[in-house]
Amino acid sequence: MQLEIGKILHASLLVADLERSLAFYNGVLGLEVDDARPGLGYPGAWLQLAGHQQIHLLQLPNPDPCEGRPAQGGRDRHVALAVNSIEILEARLCAHGTPCSLSQSGRRALFCRDPDGNALEFVETQTG
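Residues numbered from 1 in each chain as written. Predicted model: local features only at pLDDT ≥ 70, side-chain atom pairs only at ≥ 80, totals over all residues. Heavy atoms only, no water.

Attention now moves to the layout of surface pockets. Of the volumes computed, that of the largest pocket is approximately 580 Å³. Considering the residues around the largest pocket, the lining is formed by 24 residues, among which Leu-31, Leu-49, Leu-81, Ala-82 and Val-83 are closest to the centre. Going through the elements one at a time, strand E1 (10–15), strand E3 (44–49), strand E4 (53–59), strand E5 (78–83) and helix H2 (86–95) are the ones with two or more residues in the lining of the largest pocket. No other element matches E5, which puts five residues into the lining of the largest pocket. Counted by class, the lining of the largest pocket contains 16 nonpolar, seven polar and one charged residues. The volume enclosed by the second largest pocket comes to roughly 250 Å³. Lining the second largest pocket are 17 residues, with Leu-13, Asn-62, Asp-64, Arg-77 and Asn-118 sitting closest to its centre. Elements that contribute at least two residues to the lining of the second largest pocket include exactly E1 and E5. Among the elements that take part in the lining of the second largest pocket, E1 stands out by supplying three residues, more than any other. (1 Å grid on protein atoms, 1.4 Å probe; cavity = no way out; pocket = protein on both sides within 12 Å on 5 of 7 lines; lining within 4 Å. Points joined across faces, edges and corners; volume = space filled by probe spheres on them. Helix = DSSP H or I, 4+ residues; strand = E, 2+ residues; numbered from the N terminus. Nonpolar A, V, L, I, M, F, W, Y, C, P; charged D, E, K, R; others polar.)

Sheet analysis places E5 next to strand E8 (residues 119–124), joined by six bridges and oriented parallel. Each bridged residue has a counterpart across the sheet, and for Ala-82 the counterpart in E8 is Val-123. In this structure, strand E7 (residues 109–113) lies alongside E8, joined through five bridges in antiparallel fashion. By the bridge assignment for E8, Cys-112 is matched with Leu-120. Hairpin connection of E7 to E8: five residues between the antiparallel strands, including Gly-117 at a positive phi of 85°. (Pairing = 2+ DSSP bridges.)

What follows deals with helix H1 (residues 18–28). Buried within H1 we find Leu-18, Ser-21, Leu-22, Phe-24, Tyr-25 and Val-28. Measuring from the backbone nitrogen of Glu-19 back to the side-chain oxygen at the start of H1 gives 3.1 Å, which picks out Asp-17 as the cap. Phi turns positive, to about 80°, at Gly-30, one or two residues after H1. (Buried < 20%, exposed > 50% of the residue type's maximum accessible area, 1.4 Å probe, protein only. Polar contact = N/O pair within 3.5 Å; in protein donor to acceptor, adjacent residues only side chain to side chain.)

Once that is clear, we can look at the nonpolar core. Tyr-25, Leu-29, Ile-55, Leu-57, Leu-120 and Phe-122 are the most contacted members of the largest nonpolar core, which totals 25 residues. It is H1 that contributes the most residues to this core, five residues altogether. Ignoring any residue separated from it by four or fewer positions in sequence, one finds Tyr-25 in contact with Leu-13, Gly-30, Leu-31, Leu-47, Ile-55, Leu-57, Asp-114 and Leu-120. (Core = buried A, V, L, I, M, F, W, Y, C linked by side-chain atoms within 4.5 Å. Contact = heavy atoms within 4.5 Å.)

With that settled, the discussion passes to the sheet that holds E5. Remark on secondary structure: sheet strands pair via backbone hydrogen bonds, oriented parallel or antiparallel. The strand order across the open sheet formed by four strands is E5-E8-E7-E6, and the pairing between neighbours is mixed. Lying at the two open borders of the sheet, with one neighbouring strand each, are E5 and strand E6 (100–102). Averaged over all adjacent pairs, the angle separating strand axes in this sheet is 25°, with direction ignored. Against the sheet, H2 engages E5, E6, E7 and E8, with an angle of about 25° to E7. (Axes fitted to C-alpha atoms, helices over the stretch in contact; angles between N-to-C directions.)

Here it is in structure tokens:
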């Protein structure tokens, strides 16, 4: 049998203020909170993506500097997510005052940062 690694099940992001982060991920991006998260001894939330994938928000001390990160999120570590419309996402981010930029490669992709400076890439796909 050959080892096969499939899809990403979840990506974890460190956040300083869970409520502020939920206002972004749930309120702005529209991701639903998965109430199945067990008590782990620290605040956090699991956010549901399509296809049984998740983003886990962990309210824990961040060992990485938030200052001095590259201006373009694509030049920093980031999570890439599929979306069905860059235009709708860009309008939503702008309406909430979240700076964003289109990919410099010309691809149908957009970058932004969450309230804690975590870089996110959104790539337009047919299936979102």
